[in-house]
Structures are given as structure tokens and as C-alpha cells.
Amino acid sequence: MHILITGGAGFIGSHVVRHFITAYPQYTVTNLDDLTYAGNLENLRDVEGSSNYRFVKGDITERDAMLSLFETERFDRVIHLAAESHVDRSIASPTEFVMTNVIGTVNLLNAARSLWKESFSGKLFYHVSTDEVYGALGSEGAFTEETPYDPHSPYSASKASSDHFVRAYHDTYGLPVVISNCSNNYGSYQFPEKLIPLFINNIRHNKPLPVYGKGENVRDWLWVVDHARAIDVICHNGKPGETYNIGGQNEWRNIELIRLLCGIMDRKLGRAEGESEKLITYVTDRAGHDFRYAIDSSKLQEELGWSPSLQFEEGLEKTVDWYLDNQDWLDHVTSGEYQRYYEKMYG
Ligand code: NAD
Ligand code: TYD
């Protein structure tokens, strides 16, 4: 089996690549990534020498390059993660999100359809999406696979659009597709623009912690390794045409999560209790900030037998340990040094 993983040099993609090349040594895994600011081959340093792994630098917005890559490599399955993924960046430059998330996805769908035109048997186009497509919840309830789409940010609107195209290719052309919509991930190798690694890095440097609004928004956090495990289960046992929600049943109000994180950091850095909390600074709220996300993942749990493996307090502590043990990684990412790694390795 030859699997294409797109966006494999990013945060979640690197965990998915690591998971597949170690769990399935009999598969060939090709990681296609354009190494944008969020793509970092240092995320895969521990596995890049594996004999069943290869990296291809390429841009999914380039239609002809995608058609010829698929024609040459003859992938059996695609797990598509490549995307622009940060809400704040989508507010600043929405068009890039349309290009990568919508046009890029359609290019891959066309390339898969063209390659697999003789027979769809054994083939799968797996599109990795987000719970943000469902919009915002009030204080009650959770998103199910039937919740109507109601995206509010340019990021979630672009992901919603790509989901619709994936379903349209299934309904119109019979392309075997599956979609999963996951809640917020946390763990190692996350680019420090997202809440948890940004705040770990700022606490390390005694810099302010910018809390949007009153810090009352709620997110449902899942350990990234559990997301990779869910993707494995869905890739192998998911039913074509279906959608699966993935989440940790682990809701946290931002400010409570930040206080927990500050407490862990105080302990790990040998600071007095309450020291890191002094860095909390309330700033203007994000425009269109969704109030609450919560995922009902009972379909995935009951039909495919997946469940999260880790409690959040334990996972957050492990995550802090990883960033403190890998401060070189954080320094490379924040200084831009990581962008030279490609030249050094593949130049
Ligand atoms: P990320 O930003 O860390 O990584 C994205 C990767 O895609 C990077 O390696 C980047 O170089 C690559 N990429 C971007 N544009 C490309 C292009 N034009 N061609 C080829 N490669 C390109 O993102 P992430 O947090 O790992 O998210 C991965 C996927 O999972 C995304 O589709 C995202 O919508 C989805 N998702 C993320 C979360 C989360 O909490 N981070 C939750 C649910 C779903
Ligand atoms: P983020 O990690 O950007 O993920 P998403 O917006 O996709 O949920 O943000 C998580 C939550 O933390 C979200 O409610 C916005 C908030 N937040 C801050 O308060 N300050 C920050 O500097 C960042 C990056 C996020």
C-alpha cells in the first residue's frame, strides 16, 4: 500500500506520518508538504531515515504538479492534512486560505479521481477537517455529525468549503472519501502561534500572555497522538462517504486552562507559585471569536472502537515536559532557523 500524507511536516501531520511509518512498516508513506512557515522537517528527524518513508516538497495549489505526482507515484490512499490552519492568520489574509484549503483540496480530488478512474476498489481519499466548521455552541450541547455547518472565520469557512467539495466528489463521481472533524489538538511539535505552545514559550521568556477577551471561550482539547490513532482507525475501518467526529470530551474555559498551565510551568521552572499567572494580560477579543466548541465522538467510539488514551492534566504535563526538553526546537522555530533544515537535508 502506498499512502500519500499531505501536510506531514506540520503539527498533526508529523504525528500521523510517525504513526503510519512505525505501525505499518509494510506500507510506503510519502509525505507531500510545501514547507510553509508551519512546515518543519525537524518535526520528523527521528523517523526520516525509515526505509518506508519519503518526502516530496510540493504545493497542492499547483494543479499540474499534483496530477503528475499522482500519475507517477500511483498512491492507493490519500490522507489530506495540508492546510493553512491558524484562525488569526485567516483574519489577516483570507485569500491564502481559499487557495490552499479550497483550491488545493480540489486539485488533490481531481488528481485522485484521474489516477483511480479505472477502479475505485481499495482506494480512499481521507480529508482531515475541523470541528470549527460547525460554528459556535452556547453553554449546552455538542457537535454531532448531523450538526449543520455554520462557519464564522475565514479559516473555518475555507475548511467547510473543502469538506463540501470532498462530499460532492463522493456523491457526483463516486470517489471513495471519508471526512473527520476534530476538536483542538495539543502536544509536541505544535507551532508556537497556537495557544498552548505560544504560552509555554512566553512563560519561558517572561513575556505577557495575551488572553483574548475575558478568557471565557471554551475549547475541547485532544492529545495529538490520540488524533493520529483515530485517523489510523478511520483510514482502515471507516465507511466511505461517512463523517466521523473526533474529540476528547475535555472542555476547558481558556482562562482555567491557562491557570493550570501557569501552575505546571511554575513547578517545572522552580518559580514561586503564582509567578507565571502574573504574565496574564487581557487583550482585545479576536474578531468573530467562537464562544464554545464541544465534540460528541460517540459514533467513532461505538462504531469503530476508538477512545482517547490520556487525561488532559497528564497530557498537558507531558506536553510541557516535551517543550522544556526540546527548547532548541522552540528556539529554531521562533528564530526561523528551522527553514534552513530543508536546504541542509535535501538542498
Ligand atoms: P499546521 O499548520 O501545523 O500544518 C500544516 C502543514 O501543511 C504544514 O506542514 C504546511 O507546510 C503544509 N502546507 C500548507 N500549505 C501547503 C500547500 N499549499 N502545499 C503543501 N503543503 C502545504 O496544521 P495542523 O495543526 O497540523 O493541522 C493539520 C490539519 O488538521 C489541517 O487540515 C487542519 O485544518 C486540521 N485540524 C487541525 C486541528 C488543530 O487543533 N491544530 C484540529 C482539527 C483539525
Ligand atoms: P487557538 O490555539 O488559536 O485555536 P482555535 O482558535 O483554532 O480554537 O486558540 C485557542 C483558544 O485560545 C481560542 O479561544 C483563542 C484563544 N487564544 C488566546 O486567548 N490568546 C492567544 O494568543 C491565542 C493564540 C489564542
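As shown above, the structure is provided for reference.
Residues numbered from 1 in each chain as written. Chains lettered and ligands numbered in written order. Predicted model: local features only at pLDDT ≥ 70, side-chain atom pairs only at ≥ 80, totals over all residues. Heavy atoms only, no water.

**Quick look at the overall build of the chain**
Okay, step 1: The helix and strand inventory of the chain stands at 12 helices and 12 strands.
Okay, step 2: A compact globule built from 347 residues should have a C-alpha radius of gyration of about 20 Å, and the chain, at 20 Å, falls within 12% of that.
Okay, step 3: Each principal axis of the C-alpha distribution contributes one length, and for the chain these read about 65 × 50 × 40 Å.
Okay, step 4: Going through the 347 residues of the chain one by one, you find that 55% of them count as buried.
Okay, step 5: At a minimum sequence separation of 6, the contacts of the chain that also span at least 24 residues come to 82%.
Okay, step 6: Surface accessibility of the chain: about 14,400 Å² in total, with carbon and sulfur atoms responsible for 47%.
Okay, step 7: Looking at the chain, you have 32 positive and 49 negative side-chain charges, and the mean spots of the two groups are 2 Å apart. (Helix = DSSP H or I, 4+ residues; strand = E, 2+ residues; numbered from the N terminus. Rg over C-alpha atoms; globule rule 2.2 N^0.38 Å. Buried < 20%, exposed > 50% of the residue type's maximum accessible area, 1.4 Å probe, protein only. Contact = heavy atoms within 4.5 Å. Areas by Shrake-Rupley, 256 points an atom, 1.4 Å probe, with all protein chains shown as cover. Lys, Arg positive; Asp, Glu negative; His and termini not counted. Charge placed at Lys NZ, Arg CZ, Asp CG, Glu CD.)

**Examining the pairing of strand β9 (residues 218-223)**
Okay, step 1: In terms of burial, β9 is a largely internal element, 6 of the 6 residues being buried.
Okay, step 2: Residues of β9 alternate between two faces, with Val-218, Asp-220 and Leu-222 on one and Arg-219, Trp-221 and Trp-223 on the opposite face, all of them buried.
Okay, step 3: Both strand β7 (residues 184-186) and β9 contribute to a ladder of 3 bridges, which runs parallel. Looking across to β9, one finds that Asn-185 is bridged to Leu-222.
Okay, step 4: Where β9 lies against strand β11 (residues 251-253), 3 bridges are found, and the strand directions are antiparallel. Along β11, the bridge assignment pairs Arg-219 with Trp-252. (Pairing = 2+ DSSP bridges.)

**Examining the site of ligand 1**
Okay, step 1: For ligand 1, the set of nearby residues contains 28 residues, the closest of which are Ile-12, Asp-33, Ser-85, Tyr-155 and Lys-159.
Okay, step 2: Residue Asp-34 places a main-chain N or O atom 3.1 Å away from a nitrogen atom belonging to ligand 1.
Okay, step 3: Take Tyr-155: an N or O atom from its side chain is 2.7 Å from an oxygen atom of ligand 1.
Okay, step 4: Relative to its unbound accessible surface of 830 Å², ligand 1 loses 96% to contact with the protein.
Okay, step 5: Of all the secondary structure elements, the ones that give two or more residues to the shell around ligand 1 are α1 (11-23), β5 (124-130), α5 (154-173) and β7. (Near = heavy atom within 4 Å. Polar contact = N/O pair within 3.5 Å; in protein donor to acceptor, adjacent residues only side chain to side chain.)

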